[in-house]
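# Structural characterization, general
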Amino acid sequence: MELLKKKIELSGEIIGDDVLKVDKFLNHQIDPDLMHEIAKEFVRRFTNTTITKILTVESSGIAPAVLVGQLLSVPVVFAKKKQSLNLDKDTYTADVYSFTKRETCVISVSKKVLSESDSILIIDDFLANGQAILGLYEIIKQSNASMVGAGVIIEKGFQKGGALLRGMGIRVESLAIIDNMSENRITFRNEEEERT
Ligand code: 5GP
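Owing to the predicted nature of the structure, the values given are computational and were not obtained by experimental measurement. (Residues numbered from 1 in each chain as written. Predicted model: local features only at pLDDT ≥ 70, side-chain atom pairs only at ≥ 80, totals over all residues. Heavy atoms only, no water.)

### Comments concerning the sheet that holds strand 9 (residues 172–182)
Definition in use: A pair of strands is considered paired only if DSSP assigns at least 2 bridges between the two. Put simply, DSSP marks the helices as runs of H or I at least four residues long and the strands as runs of E at least two long, and each gets a number from the N terminus on. Axis definition: a line fit to C-alpha positions, over the contact stretch in the case of helices; interaxial angles, taken between N-to-C directions, run 0 to 180 degrees.
Here six strands make up an open sheet; going across it, the order is 4-3-7-8-9-10 and the pairing mixed. With one partner strand each, in any of the chains shown, strand 4 (76–79) and strand 10 (185–188) form the two edges of the open sheet. On average, each strand axis in the sheet is inclined to that of its neighbour by 25°, with strand direction left out of account. Two elements, strand 7 (residues 119–127) and strand 8 (residues 146–156), share eight bridges in a ladder whose sense is parallel. The residue bridging Leu127 from the neighbouring strand is Glu155, located in strand 8.

### A short note on the site of the ligand
How we decide: A single heavy atom is enough: if one lies within 4 Å of a molecule or strand, its residue is considered near that molecule or strand. Between N or O atoms, a polar contact is any pair within 3.5 Å; within protein, one atom must be a potential hydrogen donor and the other a potential acceptor, and residues adjacent in sequence are included only when both atoms are from side chains. Only the protein chains shown count as covering a residue, and every accessible area follows the Shrake-Rupley method with a 1.4 Å probe. Ten residue types, Ala, Val, Leu, Ile, Met, Phe, Trp, Tyr, Cys and Pro, are classed as nonpolar, four, Asp, Glu, Lys and Arg, as charged, and the remainder, Gly among them, as polar.
Inspection of the region around the ligand gives 16 residues, with Leu20, Asn129, Gly130, Ala132 and Lys156 positioned closest. Take Lys156: an N or O atom from its side chain is 2.8 Å from an oxygen atom of the ligand. Isolated, the ligand exposes 500 Å² of accessible area, and the fraction of that covered by the protein chains is 88%. A per-element tally of the shell around the ligand places strand 7 first, with four residues. Split by residue class, the shell around the ligand holds seven nonpolar, five polar and four charged.

Printed below as a string of structure tokens:
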């Protein structure tokens with residue numbers, strides 16, 4: 001998605017070897033027009049699939065997930081990262097190792113908001129080693145719902161998550177795949193390869 005790649009080139013900051021900071025449009029300040037275009041592209045890529053619910057994880061997945069949910073007129077569920085008194089005890093849970101925080105956390109979703117008749121699209125901001133999406137997939141399996149696939153805004157193709165998930169037969173659609181980041185130079189995989 002060219003618009004997204006331009007935005008990443010313009011305002012993305014490379015931190016260390018493998019973290020991309022996109023606080024100007026996605027992870028802190030949010031660009032709603034860009035999020036709308038991103039949502040339209042996800043909907044286009046998953047045309048001809050039946051989606052009854054969007055599932056993401058708090059907090060950065062929520063904005064794009066809501067816009068996809070709005071376009072499809074389906075509810076959006078976000079997994080919670082902290083145990084909350086408000087969340088009822090009857091939950092599906094999964095352990096997720098956080099790439100950015102370097103710690104394992106438990107994500108949870110109330111059993112009241114997923115059902116086995118659901119056909120779910122996962123949306124997330126980044127794909128690195130695939131742990132967040134695997135955690136969401138685990139929760140979908142516990143609920144006996146089915147999963148259409150995962151829509152990712154930025155995939156870091158030099159990390160192992162994309163190959164891991166696709167190797168498991170999970171459909172992953174990434175709007176920008178970064179093959180290399182170094183010294184403020186970002187190399188994107190070309191669109192043709194993105195579709196393979
Ligand atoms: P994974 O679970 O695939 O290893 O990492 C994906 C999750 O970690 C995403 O939900 C995202 O919040 C965070 N993440 C991973 N890599 C990056 C990155 O380079 N930049 C930012 N901002 N978040 C990242």
